[in-house]
Amino acid sequence: MNEPLVQRHWAALAAPKAAPAVATSTVLILGRIWNANGAEHSIGNAALMVVLAAGAATAGAFAAVGRGGGDGVLAGTAFATSGTLALAGVAGYTDGLPLPILLWAVATAVAYGIAARYWRTDRRDTAAFERQSTIRREEHGHVERVEALRAGAQIEVARSGAAYAEQLATALITRAALPGFNPQALTDSGLPELPATDTTKEH
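About the thresholds
Residues numbered from 1 in each chain as written. Predicted model: local features only at pLDDT ≥ 70, side-chain atom pairs only at ≥ 80, totals over all residues. Heavy atoms only, no water. Helix = DSSP H or I, 4+ residues; strand = E, 2+ residues; numbered from the N terminus. Contact = heavy atoms within 4.5 Å. Areas by Shrake-Rupley, 256 points an atom, 1.4 Å probe, with all protein chains shown as cover. Core = buried A, V, L, I, M, F, W, Y, C linked by side-chain atoms within 4.5 Å. Buried < 20%, exposed > 50% of the residue type's maximum accessible area, 1.4 Å probe, protein only. Polar contact = N/O pair within 3.5 Å; in protein donor to acceptor, adjacent residues only side chain to side chain. pLDDT = per-residue confidence, 0-100. Phe/Tyr/Trp six-rings, centres within 6.5 Å; stacked < 30°, edge-to-face > 60°. Expected span 1.5 Å × (residues − 1). Salt bridge = Lys/Arg side-chain N within 4 Å of Asp/Glu carboxyl O.

**Focus on the overall build of the protein chain**
Then step 1. Across its full length, the protein chain carries five helices and zero strands.
Then step 2. Mapped in sequence order, the helices and strands of the protein chain form the string α-α-α-α-α.
Then step 3. At a minimum sequence separation of 6, the contacts of the protein chain that also span at least 24 residues come to 64%.
Then step 4. Surface summary for the protein chain: the accessible area is close to 15000 Å², and the carbon and sulfur share equals 66%.

**Some details on the nonpolar core**
Then step 1. Of all hydrophobic cores here, the largest spans seven residues; its members are Val27, Met49, Ala53, Ala56, Leu85, Leu87 and Ala88.
Then step 2. When contributions to this core are tallied by element, the ones reaching two or more residues are α2 (43–64) and α3 (72–93).
Then step 3. Leave out the neighbours within four places in its chain, and Ala53 touches Ser82, Leu85 and Ala86.

**Things to note about the side chain of Arg32**
Then step 1. In this structure, Arg32 sits in helix α1 (residues 10–39).
Then step 2. In this structure the side chain of Arg32 is engaged in a polar contact, spanning 2.8 Å, whose partner is the backbone oxygen of Ala91.
Then step 3. A distance of 3.1 Å separates a polar atom in the side chain of Arg32 from the backbone oxygen of Thr94.
Then step 4. Residue contacts for Arg32: discarding those within four places in its chain leaves Ala91, Thr94, Asp95, Gly96, Leu97 and Pro100.

**Considering the side chain of Thr108**
Then step 1. Turning to its location among the elements, Thr108 is positioned in helix α4 (residues 98–176).
Then step 2. For Thr108, a relative accessible area of 10% corresponds to the buried category.
Then step 3. With residues up to four places along the chain from it excluded, the contact list for Thr108 reads Ala21 and Thr24.

**Description of the confidence of the model for the protein chain**
Then step 1. Averaged over all residues, the pLDDT of the protein chain is 77; the fraction at 70 or higher stands at 77%.
Then step 2. Predicted confidence for residues 199–203 stays below pLDDT 50, and this span has zero contacts to residues more than four positions away or in other chains.

**So, the packing of aromatic side chains**
Then step 1. Counting across every chain of the model gives one aromatic pair.
Then step 2. For the pair Tyr112 and Trp119, a centre-to-centre distance of 6.2 Å together with 65 degrees between the ring planes defines the contact as edge-to-face.

**Some remarks on the environment of Ala23**
Then step 1. Note on placement: Ala23 falls in helix α1.
Then step 2. Classification of Ala23 by relative accessible area gives partly exposed; the value is 43%.
Then step 3. As for Ala23 and Thr108, which are separated by 85 residues in sequence, their C-alpha atoms are 8.5 Å apart.

**Quick word on α4**
Then step 1. With 79 residues, α4 extends 114 Å between its outermost C-alpha atoms, agreeing within 8% with the 117 Å of an ideal straight helix rising 1.5 Å per residue.
Then step 2. Listing the buried residues of α4 in full gives Pro100, Thr108, Ala115, Ser133, Gly141 and Leu172.

**So, the pattern of salt bridges**
Then step 1. In this structure the tally under the stated criterion is two salt bridges.
Then step 2. Put simply, Arg150 and Glu147 hold a salt bridge, and the shortest N to O gap is 3.4 Å. Remark: Glu147 and Arg150 occur in helix α4; sequence separation between them is three residues, near one turn of the helix.
Then step 3. Take Arg150: its relative accessible area is 45%, and that puts it in the partly exposed class.
Then step 4. Given a relative accessible area of 39%, Glu147 falls into the partly exposed group.
Then step 5. A salt bridge links Arg159 to Glu156, with the shortest nitrogen-to-oxygen separation between them at 2.9 Å. Within this pair, Arg159 and its partner Glu156 are both found in helix α4, separated by three residues, close to a single helical turn.

Here's what the structure looks like:
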């Protein structure tokens, strides 16, 4: 059975690769907008972002060492939130661009490092699934071919048997029409007994 070929658009393929850079760039831009709207050198705003970032990091630490070995997804989300809040706080509080850009570069590199791990896992899972699908298709194809050969052989045997029976019946009918035919001799030799024919009608 032919399976439909699905070709994804290049934008759909590139979107996951660009997501970490887009996320950190968005945070940096929003932080600078916040800076332009009065967050620069605001102790209250800086303290708020520090508290929020510390809270997110604490939540990530508790999630990482929680029951049953921790929840990796929840811990990763909490740490990512903490880093986002820290980057936004620095971008909003400082008056220059060098420090926010430096933190943006570090955050982007860390985000790509974490994402690469999940991308490798996803590629391994996808490759394993494709191998299993290929094996299943080959097994099903082999079973179908074997069954087709078996059915063809049975049909050929049945056709040969029918042809042989037809030839035998024709030969017996032809032989019965000859003079001196003795159906008892056929029965004695093991062939099926033929119905008796009234030969007196021929004379």
